[in-house]
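Next come the chains, spelled out residue by residue.
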Amino acid sequence: MKPILDRRTFLASAAATAGLAGVAIARGLDPVNPDILFGTTGSIFGKWAKSGPANELALQMSTNMPLMLAACRQYGLEGFEPYSGQVVQFLDNPMALKKMLTDSGMALASVGDLPLRPADRAPASSGPQYPWLGGEGRDRLIANMERCARDFLQPLGVDHWKNNMGARPEGGPSDDQLKSLAETANEIGRRTLAHGVRLSLHPHVWGPME
């Protein structure tokens, strides 16, 4: 079989990529498949700070969207996947985010998890709710997911949506909770697909399903 990428082609591609800063980005850095784009996640932008009752280190992600998109552009990337807390500021005005993306030449790869306004968040309770696993707040989660797909992701042209499925119960999920997770995911996926958005479940370490 002919090698997909020999050393000379790789070096030429790397040299071309290094010179992208400050010029228009040509779609398709991959030398074989121009439909493959290269991007990064919003979690690389921010700072680690101590917070919470135990004064533990926690990542405070940046919400400066122009800065993050400019940094992606500067380093020759083509796409960006912000987290929910980084896009909640655009929930009522997705076209403002779309304009930023267009102006920067960046593609929106997806959004990590569900962005929620404070008013849409679940009321404080005595303990964890685990709505993805069928616990308290499941119906609210499903409704919020469908609304986000319809009113936010669809106008932005996002056709798949990455979700970590919430928190992991102590000791791991039970068989019944995993069954409920499958049922909840199927229902959310059915509703978001009606708006052109495929639900993409990410089995993150420390998540309910690893």
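Quick summary incoming for the structure in this document.

## Things to note about the overall build of the protein
Here is step 1: In terms of regular secondary structure, the protein is built from 6 helices and 7 strands.
Here is step 2: Secondary structure elements of the protein occur, N-terminal to C-terminal, as α-β-β-β-α-β-α-α-β-α-β-α-β.
Here is step 3: Evaluated residue by residue, the protein yields a buried proportion of 33% over its 210 residues.
Here is step 4: Put simply, of all contacts in the protein between residues at least 6 apart along the chain, 72% involve residues at least 24 apart.
Here is step 5: When the accessible surface of the protein is summed, it comes to about 12,400 Å², and 56% of that surface belongs to carbon and sulfur atoms.

## Focus: the nonpolar core
Here is step 1: By size, the foremost hydrophobic cluster in this structure holds 34 residues, and its most contacted members are Met65, Leu97, Trp132, Phe152, Leu153 and Trp161.
Here is step 2: The dominant element in this core, judged by the number of residues it contributes, is helix 5 (residues 138-156), at 8 residues.
Here is step 3: Residues in contact with Leu97, not counting those within four places in the same chain, are Met65, Val87, Phe90, Phe152 and Leu156.

## Considering the packing of helix 2 (residues 65-74) against helix 4 (residues 94-104)
Here is step 1: Two elements in contact, helix 2 and helix 4, have axes whose closest approach is 10 Å; the angle formed by their N-to-C orientations is 25°. Regarding the angle of helix 2 to helix 4, the classification is roughly parallel. Helix 2 and helix 4 meet at a crossing whose hand is right-handed. Every residue of helix 4 that contacts helix 2 at Met65, Pro66, Leu69 and Arg73 is listed here: Leu97, Met100, Leu101 and Ser104.
Here is step 2: Looking at the contact of helix 2 with helix 4 residue by residue, the classes come out as 6 nonpolar, 1 polar and 1 charged.

## Side note on the sheet that holds strand 5 (residues 107-108)
Here is step 1: Across the sheet, 3 strands lie side by side as 1-4-5; this open sheet has parallel pairing. One side of each edge strand has no neighbouring strand; the edge strands of this open sheet are strand 1 (39-41) and strand 5.
Here is step 2: Alignment of strand 4 (residues 79-81) against strand 5, held across 2 bridges, turns out to be parallel. Bridge pairing in strand 5 links Phe80 to Leu108.

## Some remarks on unusual backbone geometry
Excluding glycine, residues mostly carry a negative phi; peptide bonds, for their part, are mostly trans.
Here is step 1: Its identity is not glycine, yet Tyr130 carries a phi of approximately 50°, on the positive side.
Here is step 2: A relative accessible area of 21% places Tyr130 in the partly exposed class.
Here is step 3: Phi at Met165 is positive, roughly 70°, even though this residue is not glycine.
Here is step 4: If you trace the backbone, Met165 turns up in the loop between strand 6 (160-163) and helix 6 (175-193).

## What about the pairing of strand 6?
Here is step 1: For strand 6 and strand 7 (residues 198-201), the ladder comprises 4 bridges, and the chain directions are parallel. Considered in strand 7, the bridge of Lys162 is made with Ser200.
Here is step 2: Once you follow strand 6 into helix 6 and on to strand 7, the crossover reads as right-handed.

## Notes on the packing of aromatic side chains
Here is step 1: In the structure shown here, the tally under the stated rule is 1 aromatic pair.
Here is step 2: Relative to Phe80, the ring of Phe45 lies with its centre 5.9 Å away and its plane at 75°, an arrangement referred to as edge-to-face. Placement of the pair is Phe45 in the loop between strand 1 and strand 2 (46-51) and Phe80 in strand 4, with a sequence separation of 35 residues.
Here is step 3: In this structure Phe80 comes out as buried when scored by relative accessible area, which is 1%.

## Re the packing of helix 5 against helix 6
Here is step 1: Contact pair helix 5 / helix 6: the axes reach a minimum separation of 9 Å and the direction vectors enclose 25°. Considered as vectors, helix 5 and helix 6 are oriented roughly parallel to each other. For helix 5 against helix 6, the interelement crossing comes out right-handed. Taking contact as the criterion, the partners of Arg138, Leu141, Ile142, Met145, Glu146 and Ala149 in helix 5 are, on helix 6, Glu183, Thr184, Glu187, Ile188, Arg191 and Thr192.
Here is step 2: Of the residues in the contact of helix 5 with helix 6, the class split is 5 nonpolar, 2 polar and 5 charged.

## Regarding helix 6
Here is step 1: Taking 1.5 Å as the rise per residue, helix 6 with 19 residues should run 27 Å; its terminal C-alpha atoms sit 27 Å apart, in good agreement.
Here is step 2: Looking only at helix 6, the buried set comprises Leu181, Thr184, Ala185, Glu187, Ile188, Gly189 and Thr192.

Reading the values: rules and limits
Residues numbered from 1 in each chain as written. Predicted model: local features only at pLDDT ≥ 70, side-chain atom pairs only at ≥ 80, totals over all residues. Heavy atoms only, no water. Helix = DSSP H or I, 4+ residues; strand = E, 2+ residues; numbered from the N terminus. Buried < 20%, exposed > 50% of the residue type's maximum accessible area, 1.4 Å probe, protein only. Contact = heavy atoms within 4.5 Å. Areas by Shrake-Rupley, 256 points an atom, 1.4 Å probe, with all protein chains shown as cover. Core = buried A, V, L, I, M, F, W, Y, C linked by side-chain atoms within 4.5 Å. Axes fitted to C-alpha atoms, helices over the stretch in contact; angles between N-to-C directions. Parallel < 35°, antiparallel > 145°, perpendicular 65-115°, else oblique. Left-handed = near helix turned anticlockwise from the far one by under 90°. Nonpolar A, V, L, I, M, F, W, Y, C, P; charged D, E, K, R; others polar. Pairing = 2+ DSSP bridges. Right-handed = clockwise from strand over helix to strand, strands pointing away. Phe/Tyr/Trp six-rings, centres within 6.5 Å; stacked < 30°, edge-to-face > 60°. Expected span 1.5 Å × (residues − 1).

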